[in-house]
Amino acid sequence: MDLNKIGFNEELKSALAHLNKEGIIAGRVALEHKRIYRIFTEFGELLCEVSGKLSFEAVGREDYPAVGDWVAVLPRLNEGKGTIMAVLPRKSKFSRKTAGQTTEEQIVAANVDTIFLVNSLNEDLNLRRIERYLTLTWESGANPVILLTKSELSNNVEDSVALVEAVAFGVPVIAVSVHENRGLDLLNEYLQPQKTIALLGSSGVGKSTLTNYLLGYEKQAVQTIREDDDKGRHTTTYREMLVLPNGCVLIDTPGMRELQLWNSSAGILESFTDIEELAENCRFRDCGHMGEANCAVKQAIEDGELESGRLNSYFKMKRELAYLDRKQNKKAQSDEKKKWKSIKKTIKAKRK
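As the structure is a prediction and not an experimental result, all values here were calculated from the model.

1. Focus on the overall build of the chain
The helix and strand inventory of the chain stands at 9 helices and 13 strands. The buried share of the chain, taken over its 352 residues, is 49%. Taking as baseline every contact in the chain between residues at least 6 positions apart, the subset at least 24 positions apart corresponds to 66%. Only carbon and sulfur atoms are counted for the fraction: they give 48% of the accessible area of the chain, which is about 18,600 Å².

In structure tokens form, the structure reads like this:
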């Protein structure tokens, strides 16, 4: 495989050279399954595991390779396998907090240029969920594009587009229909060689159908939305990097039922620029927009310029981040103790 066609560049070549390890080659993570990685290299696909050193030095899951990452590999070509020695610098990463009570980062996709936020034009179109996706996308370093799929199911496509545009300032919003071949030509400007696109969205919104269309053949199984509750069904079960016929890289992801924030302070500022700008006109600089005198944000709601649900979404994400910060501080202290305990244990073992 010609790695240059899938995004390998001079900066990555320099990072690889600086590792100064004999025999290593560059590769890109196409798939991960239980810490076994399928890697695209110039010699073809290799199945790889991380080195013991990389695993030992990893503080959390974010230090391991993720789909889309560029890595340094020590290959064993005669076996079709290799060892991942290092993760090369990332230019972007879409992260969320892992599901459940564990305070840990999960990198959904790395080194992405554009993220297609896929939403179905059915009764489940959820503006609050779109705000959350946008917040994490802005934080990732990639550019968001909102795709409203299955437009053939809607009688009010223009109204739906307008509703989404009202919470996605300056972000392209494109209504598409694979079945009716509508709006898909508008995606071409993003689907360029050496660029990487990630598809993110809930289950059943049409990611697999769109992936099959872009690939030109049926790679992913397709399931419909359940009729009884209008919710999606899981089709894609793992994250996978695919190469389109024109050389553009596509990362398909499973539907996300839970999307918790991760280090998204800057993303919130970007997603809620309207509230932040209104807040500058409040009488008090520390206005909490909870009934203070001369609050410009509350006045905008009364005047119908701002939806109350959008302000509630803003508050909710702010509280979520504050809670996450407290949890991360405790985790950082715990991780530091574990790290030094492990180092001391290693030193004692060597002295024996």
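On we go.
2. Notes on the side chain of Arg239
One can find Arg239 in the loop between helix H5 (207–215) and strand E12 (240–243). Within the buried set, Arg239 has no salt-bridge partner at all; the shortest N-O distance to an opposite charge, 4.8 Å, is to Glu32. Separated by 3.3 Å, the side chain of Arg239 and the backbone oxygen of Val108 make a polar contact. In this structure Arg239 touches Ala30, Leu31, Glu32, Val67, Gln106, Ile107, Val108, Asp252, Thr253 and Pro254, once residues within four positions along its chain are discounted.

3. Examining unusual backbone geometry
The backbone phi angle of Asn111 is positive, close to 60°, even though this residue is not glycine. As for its position among the elements, Asn111 is in the loop between strand E7 (105–110) and strand E8 (114–120). Owing to a relative accessible area of 5%, Asn111 belongs among the buried residues under this scheme. Phi angles above zero are rare outside glycine, and Lys150 is one such case at about 55°. Its location among the elements puts Lys150 in the loop between strand E9 (143–149) and helix H4 (157–165).

4. A closer look at the nonpolar core
If you look at the biggest cluster of nonpolar residues, it comprises 55 residues, and the most contacted ones within it are Ile39, Val73, Ile84, Ile115 and Ile146. The biggest single contributor to this core is helix H3 (residues 127–140), with 5 residues. Apart from residues no more than four positions distant in its own chain, Val73 is found in contact with Gly23, Ile24, Ile25, Ile39, Leu46, Cys48, Gly82, Thr83 and Ile84. Residues Phe116, Val145, Ile174 and Tyr190 belong to the second largest nonpolar core, which totals 20 residues.

5. Some words on the confidence of the model for the chain
When pLDDT is averaged along the chain, the result is 84, and 81% of the positions lie at 70 or above. Residue range residues 223–234 is modelled with pLDDT below 50. Its contacts to residues more than four positions away, or to other chains, number 26 contacts.

6. A closer look at the pattern of salt bridges
Scanning all chains against the criterion turns up 13 salt bridges. Arg76 is the salt-bridge partner of Glu79, the closest N and O atoms lying 3.3 Å from each other. By relative accessible area, which is 45% here, Glu79 ends up partly exposed. Residue classification places Arg76 among the partly exposed positions, given a relative accessible area of 31%. Of the charged contacts, one joins Arg310 and Glu131 as a salt bridge, the two residues approaching to 2.8 Å between their closest N and O atoms. With Arg310 in helix H9 (residues 308–351) and Glu131 in helix H3, this residue pair connects regions lying 179 residues apart in the sequence.

7. Some remarks on the packing of aromatic side chains
Going through the model one piece at a time under the given rule, you end up with 4 aromatic pairs. Ring plane angle 40° and centroid distance 5.1 Å describe the contact between Phe8 and Trp70, whose orientation is recorded as tilted. On the criterion of sequence distance, the pair formed by Phe8 in the segment before helix H1 (10–19) and Trp70 in strand E4 (residues 70–76) is long-range, its members being 62 residues apart. Of the two residues, Phe8 and Trp70, both sit in the buried class. Between Tyr314 and Phe315, the aromatic rings sit 6.1 Å apart at their centres with planes inclined by 50°, giving tilted as the arrangement. Residue Tyr314 is classed as buried on the basis of its relative accessible area of 7%. Overall, the relative accessible area of 15% leaves Phe315 in the buried class.

8. A few points about the pairing of strand E3 (residues 44–50)
Examined bridge by bridge, strand E2 (residues 36–41) and E3 share 5 bridges and lie antiparallel to one another. If you follow Arg38 over to E3, its bridge partner there is Leu47. Once E2 ends, the chain turns through 2 residues before running back antiparallel as E3. Of the strand pairs in this sheet, E3 and strand E5 (residues 81–87) are connected by 4 bridges, and their pairing is parallel. Across the sheet, the residue bridging to Glu49 is Thr83, located in E5.

9. Notes on the side chain of Ser177
If you trace the backbone, Ser177 turns up in the loop between strand E10 (173–175) and strand E11 (196–201). Ser177 sits in the buried class, given a relative accessible area of 0%. A polar contact of 3.1 Å, which involves the side chain of Ser177, links it to the backbone nitrogen of Glu180. With residues near it in sequence (within four places) discarded, Ser177 still touches Ser151, Glu152, Arg182 and Leu184.

10. Quick look at H3
Between the first and last C-alpha of H3 there are 20 Å, a value that for 14 residues agrees with the 20 Å anticipated at 1.5 Å per step. Across the 14 residues that make up H3, a large majority, 10, are buried. Three or more residues of H3 are buried, namely Leu127, Ile130, Glu131, Arg132, Tyr133, Leu134, Thr135, Leu136, Thr137 and Ser140. Between a side-chain oxygen at the N-terminus of H3 and the backbone nitrogen of Arg128 the separation is 2.9 Å; the capping residue is Asn126. Gly141 sits one or two positions beyond H3 and adopts a positive phi of about 95°.

About the criteria used
- Residues numbered from 1 in each chain as written.
- Predicted model: local features only at pLDDT ≥ 70, side-chain atom pairs only at ≥ 80, totals over all residues.
- Heavy atoms only, no water.
- Helix = DSSP H or I, 4+ residues; strand = E, 2+ residues; numbered from the N terminus.
- Buried < 20%, exposed > 50% of the residue type's maximum accessible area, 1.4 Å probe, protein only.
- Contact = heavy atoms within 4.5 Å.
- Areas by Shrake-Rupley, 256 points an atom, 1.4 Å probe, with all protein chains shown as cover.
- Lys, Arg positive; Asp, Glu negative; His and termini not counted.
- Salt bridge = Lys/Arg side-chain N within 4 Å of Asp/Glu carboxyl O.
- Polar contact = N/O pair within 3.5 Å; in protein donor to acceptor, adjacent residues only side chain to side chain.
- Core = buried A, V, L, I, M, F, W, Y, C linked by side-chain atoms within 4.5 Å.
- pLDDT = per-residue confidence, 0-100.
- Phe/Tyr/Trp six-rings, centres within 6.5 Å; stacked < 30°, edge-to-face > 60°.
- Pairing = 2+ DSSP bridges.
- Expected span 1.5 Å × (residues − 1).

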